[in-house]
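Each chain is listed here by its residues.
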Amino acid sequence: FGELLAQGDTDEAKHIVIVFLRRFGCGASLLTAKRVRRLAPLLAERHIPTLAIGAAAYGYGDFLRRYWPADWPVYIDPAGATFDAFGFKRIGFSNAIGLMSPQLVKATKALIKSLCRAENFHGEWHHLGGVVVLDAADHGRVSYLRREEYAGDVPDLEKIIKALI
């Protein structure tokens, strides 16, 4: 992230926003992307670099075309090194069972359907995502970190804004 930190350390911008997506076609990840995208005017005004990192390429093209601003970079990290570096959870079959309670599945599907179209169910599902705000002026110190506790656990925009201002 050294190059991005240098890009973010200007008179206008002092931060970098990184959105971690469990997979590009995941409805829960799309909710997070849509939520962060609502900050686009503030991020543009303050020249804050914003990027997404996904754990697999499935759904990448559709994500770029439909859900992410064209001038925000998107990276694929198939090994999950950046996810691990920020301590994002990995889920396996045994702890995924808890994420599949009928009430949670029903509520999450309804929310996703109401907010965005998600039909790509292929790709990496073991990582949970989240949002990180790095302070570029302070050598990449983490000023905000939201790790998903479960798929569909979206970040609070007010907390992101507070970290940026």
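See the structure shown above.
Every value quoted in this text rests on a predicted model; they were computed, and no experiment measured them.

**Student:** Can you walk me through the sheet that holds strand S3 (residues 74-76) in this structure?
**Tutor:** The strands making up a sheet associate through backbone hydrogen bonding, with each pair oriented either parallel or antiparallel. With mixed pairing, five strands are arranged side by side in an open sheet as S3-S2-S1-S4-S5. With partners counted over all chains shown, the strands left at the sheet margins are S3 and strand S5 (141-147), one partner each. Ignoring which end each strand starts from, the neighbouring axes of this sheet average 20° apart. Strand direction decides the pairing type here: strand S2 (residues 50-54) and S3, joined by three bridges, are parallel. Bridge assignment links Gly-54 to a residue of S3, and that residue is Ile-76.

**Student:** Can you help me understand the nonpolar core in this one?
**Tutor:** Within soluble globular proteins, side chains that are nonpolar tend to cluster in buried spots. Residues Val-17, Phe-63, Trp-68, Ile-160 and Leu-164 are the most contacted members of the largest nonpolar core, which totals 24 residues. For this core, the secondary-structure elements that each account for two or more residues are strand S1 (15-21), helix H2 (27-37), helix H3 (40-45), strand S4 (130-135) and helix H8 (157-164). The element best represented in this core is H8, accounting for four residues. Not counting the four nearest positions on each side in its chain, Val-17 is found in contact with Val-36, Leu-43, Ile-48, Pro-49, Thr-50, Leu-51, Val-131, Val-132, Val-133 and Leu-164. By size, the runner-up hydrophobic cluster in this structure holds eleven residues, among which are Ile-18, Phe-20, Val-132 and Leu-134.

What counts and what doesn't
Residues numbered from 1 in each chain as written. Predicted model: local features only at pLDDT ≥ 70, side-chain atom pairs only at ≥ 80, totals over all residues. Heavy atoms only, no water. Pairing = 2+ DSSP bridges. Helix = DSSP H or I, 4+ residues; strand = E, 2+ residues; numbered from the N terminus. Axes fitted to C-alpha atoms, helices over the stretch in contact; angles between N-to-C directions. Core = buried A, V, L, I, M, F, W, Y, C linked by side-chain atoms within 4.5 Å. Buried < 20%, exposed > 50% of the residue type's maximum accessible area, 1.4 Å probe, protein only. Contact = heavy atoms within 4.5 Å.

Read these as geometric descriptors, not functional statements.
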